[in-house]
Each structure stands twice: as C-alpha cells, then as structure tokens.
Amino acid sequence: GVIVYNLLGFELIGSIGSSLILAGIAACYVSYKIKYKYYSAPVVRKSLYIISILLLIAAFVLSGGKTASRWIVLPGIGQLQGSEIAKYFLILYTSSLLAINRDTIKTWDTFKKIGIPVFIVSALIFPENFSTSMLVFAVCAALMIIGRVNMKYMSIILFLIKLKFLTFFFSK
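Residues numbered from 1 in each chain as written. Predicted model: local features only at pLDDT ≥ 70, side-chain atom pairs only at ≥ 80, totals over all residues. Heavy atoms only, no water.

Engineer: What is the right way to read the overall build of the protein chain from this model?
Structural biologist: When helices and strands are counted, the protein chain shows eight helices and two strands. Secondary structure of the protein chain in N-to-C order comes out as α-α-α-α-β-β-α-α-α-α. For the protein chain, buried positions account for 29% of its 172 residues. Here the contacts in the protein chain between residues at least 6 apart in sequence split such that 65% fall between residues at least 24 apart. (Helix = DSSP H or I, 4+ residues; strand = E, 2+ residues; numbered from the N terminus. Buried < 20%, exposed > 50% of the residue type's maximum accessible area, 1.4 Å probe, protein only. Contact = heavy atoms within 4.5 Å.)

Right, here's the structure in full:
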C-alpha cells in the first residue's frame, strides 16, 4: 500500500474498494428493477441453482478439501465465498418453487422438488460452515412452513439433517 501510494499518489486498494462498493450498489439497484417473474422463469431458476452448486463444488476443490478455507480467489478482485452466493440463490429457488406449486403443495412429488435441493445445498455448505448451513435450512424450512408444506414431509428433512450431522462428527 505504501509503495503504491508513493509511486502513484493514491492508495490503489482504497480506490478499487470504493469502485467495487459502487458496482455492488449498482448491481443491487439493477436486480431490484427486474420483475420477479423473470427470476422465477424455469431457465433462470434452474441456472441459478446449478451455479450455486458449481460454486460450492469449485470452492471445495480449489481449497484442496480443507474445510476451513472454502474461498474462491478471483485474481485482481479479491475472494468469493460460494456459500454466500448459494444461500441467496437457494432462498430465491425455494420461494419460486413454492409460488409455482402452491396448488399441489401437499403432495410428496412437490415436496421432493423443493426439499431435495434444500438438503443438497445445506449438505454442501455444512462442512464449510455449520451455522450458515443451519441458517439456510431454517430459512428454507420457514418458507416451506409458511407455504403450507405437509409437516410429515418436513420431519423427513429434519431426520436427514440429523443423519448428516451425526455422520459428519462421528466419522472422524
């Protein structure tokens, strides 16, 4: 920082950081202006879900399997944590599926379409960050409860999370 400041007359990290903040605010505003029906389109919904899965897998592979360092390094920009992106995409995906399937929400097939993606993403985040995994699951479970999903089916997901938790901690 000091060498760059002496050579260029300004702090490089500070100027890039403020530019990234402004770019983030602009991206939030643009995404705010897009109507929800475009986000819930099947192509967009599935693409965002696949991107989140790929980011979680890429973070795992790039970290060499180390559970504590699941960051994706973007040269010249910084670092990206795949679980943060996956968290938002999963909430968007779950709410979109709940809205689309509101007439058949009590059936097992609809529950599988909603519950399996929640379990997969939560299971992929779990080794990296237990609290984020449980938070994502809790938010999606709350969405499913508000969306009137059959509680009998919700208990199945709770059992799978408990099973994942036990196998993770007792496999060491």
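So much for the structure itself; the text now carries on.
Engineer: Explanation requested: the nonpolar core in the structure shown.
Structural biologist: Soluble globular proteins tend to bury their nonpolar side chains together. If you look at the biggest cluster of nonpolar residues, it comprises 24 residues, and the most contacted ones within it are Leu90, Phe111, Val121, Met144 and Val149. Elements that contribute at least two residues to this core include exactly helix H4 (42-62), helix H5 (82-100), helix H6 (108-125), helix H7 (130-146) and helix H8 (151-170). (Core = buried A, V, L, I, M, F, W, Y, C linked by side-chain atoms within 4.5 Å.)

Engineer: Would you take a moment to explain a nonpolar patch on the surface for this structure?
Structural biologist: Among the surface-exposed residues, Tyr29, Val30, Tyr32, Ile34 and Tyr38 lie close enough to one another that they form a single nonpolar patch of about 580 Å² accessible area. By residue number, the principal contributor to the nonpolar patch is helix H2 (residues 12-33), which donates three residues. For isoleucine 34, the position within the fold is in the loop between H2 and helix H3 (36-39). (Patch = residues over 30% accessible without salt bridge, like charges linked within 9 Å, V, L, I, M, F, W, Y side chains within 5 Å. Areas by Shrake-Rupley, 256 points an atom, 1.4 Å probe, with all protein chains shown as cover. Salt bridge = Lys/Arg side-chain N within 4 Å of Asp/Glu carboxyl O.)

Engineer: Mind showing me how you'd approach the packing of aromatic side chains here?
Structural biologist: Enumeration over the complete set of coordinates arrives at six aromatic pairs. Pairing tyrosine 29 with tyrosine 32 gives two aromatic rings, centres 6.3 Å apart and planes at 40°, and the pair type is tilted. Residue tyrosine 29 and its partner tyrosine 32 are both found in helix H2; the two are separated by three residues, about one turn of the helix. Of the residues examined, tyrosine 32 reaches a relative accessible area of 64% and is grouped as exposed. Following the ring pairs from residue to residue traces out a cluster consisting of Trp108, Phe111 and Tyr153. (Phe/Tyr/Trp six-rings, centres within 6.5 Å; stacked < 30°, edge-to-face > 60°.)

Engineer: Got a minute to help me understand the pattern of salt bridges in this structure?
Structural biologist: Should the charged atoms of two oppositely charged side chains come close, the side chains can pair. Counted under the stated rule, the structure contains two salt bridges. Here aspartate 109 makes a salt bridge to lysine 112, at a shortest N to O gap of 3.7 Å. Linking aspartate 109 with lysine 112, this pair stays in helix H6, spanning three residues, or about one helical turn. Under the relative-accessibility criterion, aspartate 109 is labelled exposed at 51%.

Engineer: I would appreciate a short explanation of H7 in the present structure.
Structural biologist: Owing to its 3.6 residues per turn, the α-helix aligns residues three or four sequence positions apart on the same side. Along its 17 residues, H7 runs 24 Å from first to last C-alpha, staying within 8% of the 24 Å computed at 1.5 Å per residue. Restricting attention to buried positions, one finds in H7 the residues Thr132, Ser133, Val136, Phe137, Cys140, Ala141 and Met144. With its buried residues spanning 165° around the axis, H7 presents them on a single face. Looking at the buried side of H7, the elements it contacts are H5, H6 and H8. Positive backbone phi, approximately 70°, marks arginine 148, located one or two places after H7. (Expected span 1.5 Å × (residues − 1). Arc of directions from axis to C-beta.)

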